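Geometric and topological summary
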2 protein chains.
Amino acid sequence: MKRRDFDHLNCSLAQTLSVIGEHWTLLIIRDAFMGLRRFDDFQKDLGIARNVLSERLKRLVNEEVLEKTPGEKGFPEYHLTAKGLALQPILISMTHWGDKHRPNPKGRRLIFLDRKNRKPIQTMTVRAHDDRRLKPKDITVKRGPGHRSSGLDIPLSDLR
Amino acid sequence: MKRRDFDHLNCSLAQTLSVIGEHWTLLIIRDAFMGLRRFDDFQKDLGIARNVLSERLKRLVNEEVLEKTPGEKGFPEYHLTAKGLALQPILISMTHWGDKHRPNPKGRRLIFLDRKNRKPIQTMTVRAHDDRRLKPKDITVKRGPGHRSSGLDIPLSDLR
DNA sequence: CAGTATCCTACGTGATACTG
DNA sequence: CAGTATCACGTAGGATACTG
């Protein structure tokens, strides 16, 4: 009766979820992207219980998403590693989706900018090899060498 | 002592998480992208408990991510709506991250293809307005009209 | 400031049996 | 096949007090 993990699924999505799928985790990472570094800042900003935050941070350090350093003033600091920074497309995709499909009536909450010219970035889209934008139905899948069929043998049909 | 929701955060990411943040939810959606439509297929493929699946599907239908239709043979079917299809960049970003940062030693598990020419799609990247690819540190944020500072007033500092 | 340590409870989830 | 209904349980997570 344990909570099941997703390991049996052999799926990259499930792997990712095992790192960032828990409650709070993604919001902690968001805060790290926003420049927060210190324990109490995370805690106050999110209103998360201290023990939970502690555990999540440990886990993220373990997964090498965050790095814990002594920091300038002797206080510990949590910084995103390269692996953590690589989560940005996920965070931004999710933020864009929330903006569009669960909007705040007053308008966008946070706007991502190209730092160079301060123009808004594009909405995240899937791109073909030659840069064409692809819509959901323009995409198929095939099995790679690491594929192992889990329970059902999904026919890998396309969207219709 | 209720489990806290994220509403107090006024954050699009939190909004998105409130729809797809629960355990199993994203995997159900993944299955829908893979062409699964029927209750028992989801159940068998994921190994999820029936009551949980039932509840999640209801929720997703309620959120208009899935649509429940009578289906051809009289059996109910669950289809992705436009709102659901719009989740694809999230799913793909997450799959790519898992491929890269928690790889299967045997190679990629699933490969997304441009249906037109069956070439692999690009890895998801953030793009500037003029199509340049942006790295995490090339991006800043500003507050939009819908912004309301939550607990802490984050200085919105950039990555360093 | 940055945690650690307890305690407690609600809820998520698994297992399973039953209905139309 | 597509659910609904129960029950039992583990644990995630809240609250809070305490330490270095």
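Residues numbered from 1 in each chain as written. Chains lettered and ligands numbered in written order. Predicted model: local features only at pLDDT ≥ 70, side-chain atom pairs only at ≥ 80, totals over all residues. Heavy atoms only, no water.

Thoughts on the protein's contact with DNA strand C
The immediate surroundings of DNA strand C are formed by 24 residues, with A:R38, A:R50, A:S54, A:K68 and B:R56 found nearest. When the atoms of DNA strand C within 4 Å of the protein are grouped by moiety, sugar and phosphate amount to 64% of the total. A:K58 has a polar side-chain atom sitting 3.3 Å from a phosphate oxygen of DNA strand C. Interatomic distance of 2.7 Å between a side-chain N/O atom of A:K68 and a phosphate oxygen of DNA strand C. (Near = heavy atom within 4 Å. Polar contact = N/O pair within 3.5 Å; in protein donor to acceptor, adjacent residues only side chain to side chain.)

Looking at the packing of aromatic side chains
Per the counting criterion, the structure on display carries four aromatic pairs over all chains. Centre to centre, the rings of A:W24 and B:F6 are 4.9 Å apart; their planes meet at 65°, and the pair counts as edge-to-face. Taken together, the positions of A:W24 in the loop between helix 1 (12-20) and helix 2 (25-33) and B:F6 in the segment before helix 1 (12-20) put the pair across two chains. For the pair A:W24 and B:F6, one class covers both residues: buried. When the ring of A:F42 is compared with that of A:Y78, the centres are 6.5 Å apart and the planes differ by 70°; the resulting orientation is edge-to-face. Placement of A:F42 in helix 3 (residues 39-46) and of A:Y78 in strand 2 (residues 77-80) is noted, with a sequence separation of 36 residues between them. (Phe/Tyr/Trp six-rings, centres within 6.5 Å; stacked < 30°, edge-to-face > 60°. Helix = DSSP H or I, 4+ residues; strand = E, 2+ residues; numbered from the N terminus. Buried < 20%, exposed > 50% of the residue type's maximum accessible area, 1.4 Å probe, protein only.)

Concerning the protein's contact with DNA strand D
Around DNA strand D, 25 residues are found, and the nearest of them are A:R56, B:R38, B:R50, B:S54 and B:K68. Looking at DNA strand D alone, sugar and phosphate atoms form 64% of those within 4 Å of the protein. One of the side-chain N or O atoms of A:H23 is found 3.4 Å from a phosphate oxygen in DNA strand D. Between a phosphate oxygen of DNA strand D and a side-chain N or O atom of B:Y78, the distance comes to 2.9 Å. Where the surface near DNA strand D is concerned, the elements lending two or more residues are helix 4 (50-62) of chain A together with helix 3 (39-46) and helix 4 (50-62) of chain B. Classifying every residue of the surface near DNA strand D by side-chain character gives nine nonpolar, four polar and twelve charged. (Nonpolar A, V, L, I, M, F, W, Y, C, P; charged D, E, K, R; others polar.)

Quick notes on the packing of helix 2 of chain A against helix 3 of chain A
Any two packed helices are characterised by the angle at which their axes cross and by the distance between the axes. All names here are of chain A. Taken N-terminus to C-terminus, the directions of helix 2 and helix 3 make an angle of 120°; their axes are 11 Å apart at the nearest point. Taken together, helix 2 and helix 3 sit at an angle that is classed as oblique. For helix 2 against helix 3, the interelement crossing comes out right-handed. Residue-level contacts link L27, I28, R30, D31 and A32 of helix 2 to F42, D45 and L46 of helix 3. Partitioned by chemical class, the residues of the contact of helix 2 with helix 3 number five nonpolar, no polar and three charged. (Axes fitted to C-alpha atoms, helices over the stretch in contact; angles between N-to-C directions. Parallel < 35°, antiparallel > 145°, perpendicular 65-115°, else oblique. Left-handed = near helix turned anticlockwise from the far one by under 90°. Contact = heavy atoms within 4.5 Å.)

Overview of the pattern of salt bridges
With the rule as written, the count across this model stands at 20 salt bridges over all chains. Here B:D31 ties to B:R30 by a salt bridge, and the two come within 3.0 Å at their closest N and O atoms. For B:R30, the salt bridge is made with B:D45, and the minimal N-O distance between the two is 3.4 Å. Of the two residues, B:R30 is situated in helix 2 (residues 25-33) and B:D45 in helix 3; the sequence distance between them amounts to 15 residues. One salt-bridge network, held together by shared partners, links A:R30, A:D31 and A:D45. (Salt bridge = Lys/Arg side-chain N within 4 Å of Asp/Glu carboxyl O.)

Some words on helix 1 of chain B
The buried count for helix 1 of chain B comes to eight of nine residues, which makes it a mostly enclosed element. Of the residues making up helix 1 of chain B, those classed as buried are B:S12, B:L13, B:A14, B:Q15, B:T16, B:L17, B:V19 and B:I20. Where helix 1 of chain B is buried, its residues contact helix 2 and helix 6 (88-101) of chain A together with helix 2, helix 4 and helix 6 (88-101) of chain B.

Focus on the nonpolar core
Most often, soluble globular proteins keep nonpolar side chains buried together rather than apart. A:L27, A:I28, A:I29, B:L27, B:I28 and B:I29 are the most contacted members of the largest nonpolar core, which has 64 residues in total. Apart from the residues within four sequence positions on either side, B:L27 is in contact with A:F6, A:L9, A:L13, A:A14, A:L17 and B:L46. Counting 22 residues, the second largest nonpolar core, distinct from the first, contains A:L110, A:F112, A:L134 and B:A128. (Core = buried A, V, L, I, M, F, W, Y, C linked by side-chain atoms within 4.5 Å.)

Remarks on the domain arrangement of chain A
All names here are of chain A. Domain boundaries in chain A define domain 1 (12-85) and domain 2 (89-159). Distance between the C-alpha centres of domain 1 and domain 2: 23 Å. Interface area for domain 1 against domain 2, summed over the two sides, is near 390 Å², with a carbon-plus-sulfur share of 95%. At the junction of domain 1 and domain 2, the tally comes to zero salt bridges. Where domain 1 packs against domain 2, one counts zero residue pairs in polar contact (both at pLDDT 80 or more). Of all the secondary-structure elements, those providing two or more residues to the side of domain 1 that touches domain 2 are helix 1 and helix 2. In the side of domain 1 that touches domain 2, the residues fall into five nonpolar, one polar and one charged. (Domains from an automatic or database assignment. Buried area = accessible area lost by both parts, 1.4 Å probe.)

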